[in-house]
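Close look at the chain arrangement
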Amino acid sequence: MLDPTLIETDRLVLRPHLPEDLDALYHLTSHPDVYRFDPGYQRSLDQTRENLIFRIGEYRRHGIGRMALVEKPSGELVGYAGLQLCLYDVPGQSVPVIEFFYGLRRDRWGRGYMTEAGQALIDRGFREFKLAKIISTADKRNKPSINVMRRVGMTVQDDALHPDTWVYGVIENPYIRA
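This section reports on the structure supplied with the text. On a predicted model such as this, the values are computed, not experimentally measured, just so you know. (Residues numbered from 1 in each chain as written. Predicted model: local features only at pLDDT ≥ 70, side-chain atom pairs only at ≥ 80, totals over all residues. Heavy atoms only, no water.)

**Overview of the side chain of Thr48**
Relative to the helices and strands, Thr48 is located in helix H3 (residues 45–62). If sequence neighbours within four positions are ignored, Thr48 has contacts with Leu22, Leu25, Tyr26, Thr29 and Arg43. (Helix = DSSP H or I, 4+ residues; strand = E, 2+ residues; numbered from the N terminus. Contact = heavy atoms within 4.5 Å.)

**As for unusual backbone geometry**
Of note, the phi angle at Lys130 is positive, near 60°, even though the residue is not glycine. Along the chain, Lys130 turns up in the loop between helix H4 (113–127) and strand E6 (133–139). In this structure Lys130 comes out as exposed when scored by relative accessible area, which is 58%. (Buried < 20%, exposed > 50% of the residue type's maximum accessible area, 1.4 Å probe, protein only.)

**Observations concerning the packing of aromatic side chains**
Two measures describe an aromatic ring pair: the distance that separates the ring centres and the angle between the ring planes. Taken as a whole, this structure holds two aromatic pairs when the rule is applied. Ring geometry for Tyr88 against Tyr168: centres 5.5 Å apart, planes inclined by 55°, an arrangement best described as tilted. Of the two residues, Tyr88 is situated in strand E4 (residues 77–90) and Tyr168 in strand E8 (residues 166–172); the sequence distance between them amounts to 80 residues. Across this residue pair, the class does not change: Tyr88 and Tyr168 are buried. Aromatic side chains Phe100 and Tyr102 sit 4.6 Å apart centroid to centroid with 35° between the ring planes, which places their arrangement in the tilted category. Note on Phe100: relative accessible area 0%, which makes it buried. Under the relative-accessibility criterion, Tyr102 is labelled buried at 15%. Against the face of Tyr80 rests Arg66, its NZ or CZ located 4.5 Å from the ring centre. (Phe/Tyr/Trp six-rings, centres within 6.5 Å; stacked < 30°, edge-to-face > 60°. Lys NZ or Arg CZ within 6 Å of the ring centre and 35° of its normal.)

**Observations regarding helix H5 (residues 143–151)**
Within H5, the full set of buried residues consists of Ser145, Ile146, Val148 and Met149. Take H5 and look down its axis: the buried residues cluster within an arc of 155°, on one side only. The exposed residues of H5 that point more than 90 degrees off its buried face are Lys143 and Arg150. In the segment just after H5, Gly153 is the residue with positive phi, at about 100°. (Arc of directions from axis to C-beta.)

**Thoughts on the layout of surface pockets**
Taken as a whole, the largest pocket encloses approximately 1200 Å³ of empty space. Contributing to the lining of the largest pocket are 49 residues, with Asp38, Tyr102, Thr137, Asn142 and Ser145 lying nearest its centre. Across the lining of the largest pocket, the residue classes tally to 22 nonpolar, 13 polar and 14 charged. (1 Å grid on protein atoms, 1.4 Å probe; cavity = no way out; pocket = protein on both sides within 12 Å on 5 of 7 lines; lining within 4 Å. Points joined across faces, edges and corners; volume = space filled by probe spheres on them. Nonpolar A, V, L, I, M, F, W, Y, C, P; charged D, E, K, R; others polar.)

**Looking at H4**
Here H4 contains 15 residues, and its C-alpha end-to-end distance of 21 Å stays within 8% of the 21 Å for a straight helix at 1.5 Å per residue. Most of H4 sits out of view: 12 of its 15 residues are buried. If you check which residues of H4 are buried, you get Tyr113, Met114, Thr115, Glu116, Ala117, Gly118, Ala120, Leu121, Ile122, Arg124, Gly125 and Phe126. (Expected span 1.5 Å × (residues − 1).)

**Description of the pairing of strand E3 (residues 66–71)**
A large share of E3 lies buried, amounting to six of its six residues. Both strand E2 (residues 12–16) and E3 contribute to a ladder of five bridges, which runs antiparallel. What sits directly across from Leu14, in E3, is Leu69. Inspection of the sheet shows E3 paired to E4 by five bridges, in the antiparallel sense. Bridge pairing in E4 links Met67 to Ala81. Adjacent in sequence and paired antiparallel, E3 and E4 are bridged by five residues, among which Gly75 carries a positive phi angle near 75°. (Pairing = 2+ DSSP bridges.)

If you want it as structure tokens, here you go:
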């Protein structure tokens, strides 16, 4: 029987995080190109552990959240991606949205892994969770993340509150008829 918590693509397995992911996750997020925009500083091992514990609990509680990206040929954890509930600020209010977010080990950039993982997560969000839309946000200087947004089918626009520094991508559920 297939594990319903797993998502399998041609080259990746997306699975819920495990406590054993700590060392690989710390290594992944310690590269300056990876943490430059999110969170903007290098997390310590203890901070990485706390974040991992939070992410494991989030997924267990809600069935949605950050997942580990495991490369099939090597079996290595090479990134993370997920769908998370967050508040997005627009003029005069904050609105709850589901956000696609991601990070990839620096030595795996340029292989299309984030596009592959993103398409699978977005498809699950639309088909299984019946989400109306999914967004993503990025610093305008983060060209690789903006390119991922476009490759997964998002329309990228300037952020309403911070148009000089931030963009957001949005994709609407094609399975929901108006």
